[in-house]
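Overview (structure and organization)
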Amino acid sequence: MKITEIKWQHLLTIARRVKISSKVPSKISMTKSTPTKIRYYLVSLFRGVSQVILQKNALSGVLFLSGVAVNSVTMALGAALGVITATVCAGILHYPVKQIEEGLFGYNGALIGIVIFLLYAPSPITILLIIGGSALTVLIIRFMMLHIFLPPYTAPYILVIWAIWIFAPTQDLAPAVTPMNEKISTWGIFEGIGQIIFQNNAITGICFLVGLFISNKSHALWSIIGGLLATFLAMFLALPPTLILAGIFGYNASLSAIALSNGSKQWLAPLAGSVLTVPIAMALMGADIIILSAPFVISSWIILLLKRELAIGR
């Protein structure tokens, strides 16, 4: 009888454990309720927009997208379509949830949407280009994350846009209509910050700067320093004043200054990276290549490689 009682107690213990474990999925599903999922995707989307300027802050993303809309509602819609496509694509491919939530797969898609509508008028073909191009950036950035030690930055969208730009003439795409908003001039200072997301608008630049300040005060300061340094260098080199006033030489320098100041108390790297963006931009323009944010990526990679070599050589 004692043995039988022990067996029954053992079976009851197992039954209780099974009952308890059966309740766990329901608790997990409760934590993943619809409002929670909506919040997760919204945070991921707006962080994706904020990552365009190297931030991880949903509120900054809202300000960045609002800043784009101030200058062009069409480009803001393109950014929304791009970041949604890229984020959903990363989720379907089961890429790391934390990286999705941080917006690391969304920002290149946002840039695809903005630049496509910067270059071409909205049409079924351009919408398909945004969707397809944004999805492609997700594959490219994942490959770079796994196989290249340098940060991918905006390289994925640059490669996709360059490919589209080369083959676009065969599709007879209509050019975009430039927004004719009334603008104020700040001599390329805030225009340069606005040009980080390809908006030639000082008010947009102010929105971006506020978004940077909310996320990271140091980054906000470096964005100004880098942009001013490149602007002064462009003036010293007697580069076209219209390009200088439009902030064309400032935005890549701002991005490079932010990227190279990250996690470092040294000031030489962000300053050097900012200066280096100007000759790189000049070289690309001389080769009749659309520059996008390539000077930022190339200059930042060069500085990081130099820092790596110097560290190894010590």
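Residues numbered from 1 in each chain as written. Predicted model: local features only at pLDDT ≥ 70, side-chain atom pairs only at ≥ 80, totals over all residues. Heavy atoms only, no water.

With respect to the overall build of the protein
A count of helical and extended segments in the protein gives 15 helices and zero strands. The buried share among the 314 residues of the protein stands at 45%. Counting only contacts in the protein whose residues sit at least 6 apart along the sequence, the fraction spanning at least 24 positions is 71%. Surface summary for the protein: the accessible area is close to 16,500 Å², and the carbon and sulfur share equals 72%. (Helix = DSSP H or I, 4+ residues; strand = E, 2+ residues; numbered from the N terminus. Buried < 20%, exposed > 50% of the residue type's maximum accessible area, 1.4 Å probe, protein only. Contact = heavy atoms within 4.5 Å. Areas by Shrake-Rupley, 256 points an atom, 1.4 Å probe, with all protein chains shown as cover.)

Topic: the pattern of salt bridges
Enumeration over the complete set of coordinates arrives at one salt bridge. The residue Lys56 makes a salt bridge to Glu102 at a minimum N-O spacing of 3.8 Å. With Lys56 in the loop between α2 (34–50) and α3 (58–71) and Glu102 in the loop between α5 (97–101) and α6 (107–119), this pair connects stretches of sequence that are 46 residues apart. (Salt bridge = Lys/Arg side-chain N within 4 Å of Asp/Glu carboxyl O.)

A word on α3
Along an α-helix, residues three or four apart share an orientation, since each turn contains 3.6 residues. Spanning 14 residues, α3 covers 21 Å between terminal C-alpha atoms, matching the ideal 20 Å at 1.5 Å per step. Three or more residues of α3 are buried, namely Ser60, Gly61, Phe64, Leu65, Gly67, Val68 and Asn71. Buried residues of α3, viewed axially, fall in a sector of 155°; they line one side. Buried residues along α3 sit in contact with α2, α4 (73–92), α6 and α10 (202–215). (Expected span 1.5 Å × (residues − 1). Arc of directions from axis to C-beta.)

Considerations on α10
Compared with an ideal rise of 1.5 Å per residue, which puts 14 residues at 20 Å, α10 spans 20 Å between its outermost C-alpha atoms and is within 8% of the ideal. Taken together, the buried positions of α10 are occupied by Ala202, Thr204, Gly205, Cys207, Phe208, Leu209, Gly211 and Leu212. Buried residues belonging to α10 abut α3, α9 (189–194), α11 (217–236) and α13 (251–261). The opening residue of α10, the one whose side-chain oxygen lies 2.9 Å from the backbone nitrogen of Ile203, is Asn201. (Polar contact = N/O pair within 3.5 Å; in protein donor to acceptor, adjacent residues only side chain to side chain.)

Some words on the confidence of the model for the protein
As a general rule, the predicted coordinates of low-pLDDT regions are not to be interpreted in detail. Averaged over all residues, the pLDDT of the protein equals 88, while 86% of them reach at least 70. Long-range and interchain partners of residues 3–8, a stretch whose pLDDT sits below 50, account for zero contacts in this model, where long-range means more than four residues apart. Contacts of residues 17–30 to residues separated by more than four positions or lying in other chains number zero contacts, the stretch itself having pLDDT below 50. (pLDDT = per-residue confidence, 0-100.)

Things to note about the packing of α3 against α10
At a minimum axis distance of 8 Å, the contact between α3 and α10 shows a crossing angle of 180°. Comparing their axes, α10 and α3 come out roughly antiparallel. Across from Leu59, Ser60, Leu63, Phe64, Gly67, Val68, Val70 and Asn71 in α3, the residues of α10 making contact are Ile203, Thr204, Cys207, Phe208, Val210, Gly211, Leu212, Ile214 and Ser215. Its residues assigned to classes, the contact of α3 with α10 shows eleven nonpolar, six polar and no charged. (Axes fitted to C-alpha atoms, helices over the stretch in contact; angles between N-to-C directions. Parallel < 35°, antiparallel > 145°, perpendicular 65-115°, else oblique. Nonpolar A, V, L, I, M, F, W, Y, C, P; charged D, E, K, R; others polar.)

Overview of a nonpolar patch on the surface
There is a patch of nonpolar side chains on the surface, built from Leu59, Val62, Ile206, Val210 and Ile214 and spanning about 370 Å² of accessible area. Going through the elements one at a time, α3 and α10 are the ones with two or more residues in the nonpolar patch. (Patch = residues over 30% accessible without salt bridge, like charges linked within 9 Å, V, L, I, M, F, W, Y side chains within 5 Å.)

A short note on the nonpolar core
Counting 72 residues, the largest nonpolar core has Ile53, Tyr157, Ile197, Phe198 and Leu292 as its most contacted members. Ranked by residue count, the leading element in this core is α6, at eight residues. The residues touching Phe198, leaving out its near neighbours within four places in the chain, are Met75, Leu111, Ile114, Val115, Leu118, Tyr157, Tyr251, Leu292 and Ser293. (Core = buried A, V, L, I, M, F, W, Y, C linked by side-chain atoms within 4.5 Å.)

Let's talk about the packing of aromatic side chains
Under the defined criterion, the tally for this structure stands at six aromatic pairs. A centroid spacing of 5.1 Å and a plane angle of 70° characterise the contact between Tyr40 and Tyr41, whose relative ring orientation is edge-to-face. Measuring from centroid to centroid gives 5.7 Å for Phe64 and Phe208, while their planes differ by 85°, and the two rings are edge-to-face. Remark: Phe208 occurs in helix α10 and Phe64 occurs in helix α3; sequence separation between them is 144 residues. Side by side, Phe64 and Phe208 carry an identical accessibility label, which is buried. Put simply, the rings of Tyr157, Phe198 and Tyr251 pair up and form one aromatic cluster. The positively charged end of Arg142 is found above the aromatic ring belonging to Tyr95, 5.1 Å away from the centroid. The side chain of Lys217 reaches across the aromatic face of Phe213, ending 5.1 Å from its centre. (Phe/Tyr/Trp six-rings, centres within 6.5 Å; stacked < 30°, edge-to-face > 60°. Lys NZ or Arg CZ within 6 Å of the ring centre and 35° of its normal.)

Examining the packing of α6 against helix α7 (residues 124–147)
Look at α6 against α7: their axes get within 8 Å of each other, and the N-to-C directions meet at 150°. The angle between α6 and α7 falls in the class roughly antiparallel. Our pair here, α6 against α7, has a crossing hand that is right-handed. When α6 is examined against α7, the residues Tyr107, Asn108, Gly109, Ile112, Gly113, Ile116 and Phe117 are found in contact with a partner set consisting of Thr126, Ile127, Leu129, Ile130, Gly133, Ser134, Thr137 and Ile141. A breakdown of the residues in the contact of α6 with α7 according to their chemical character gives eight nonpolar, seven polar and no charged. (Left-handed = near helix turned anticlockwise from the far one by under 90°.)

Here we look at the environment of Val210
Tracing the backbone through its elements, the reader meets Val210 in helix α10. Through-space distance from the C-alpha of Val210 to that of Phe64 is 9.0 Å; in sequence the pair is 146 residues apart.

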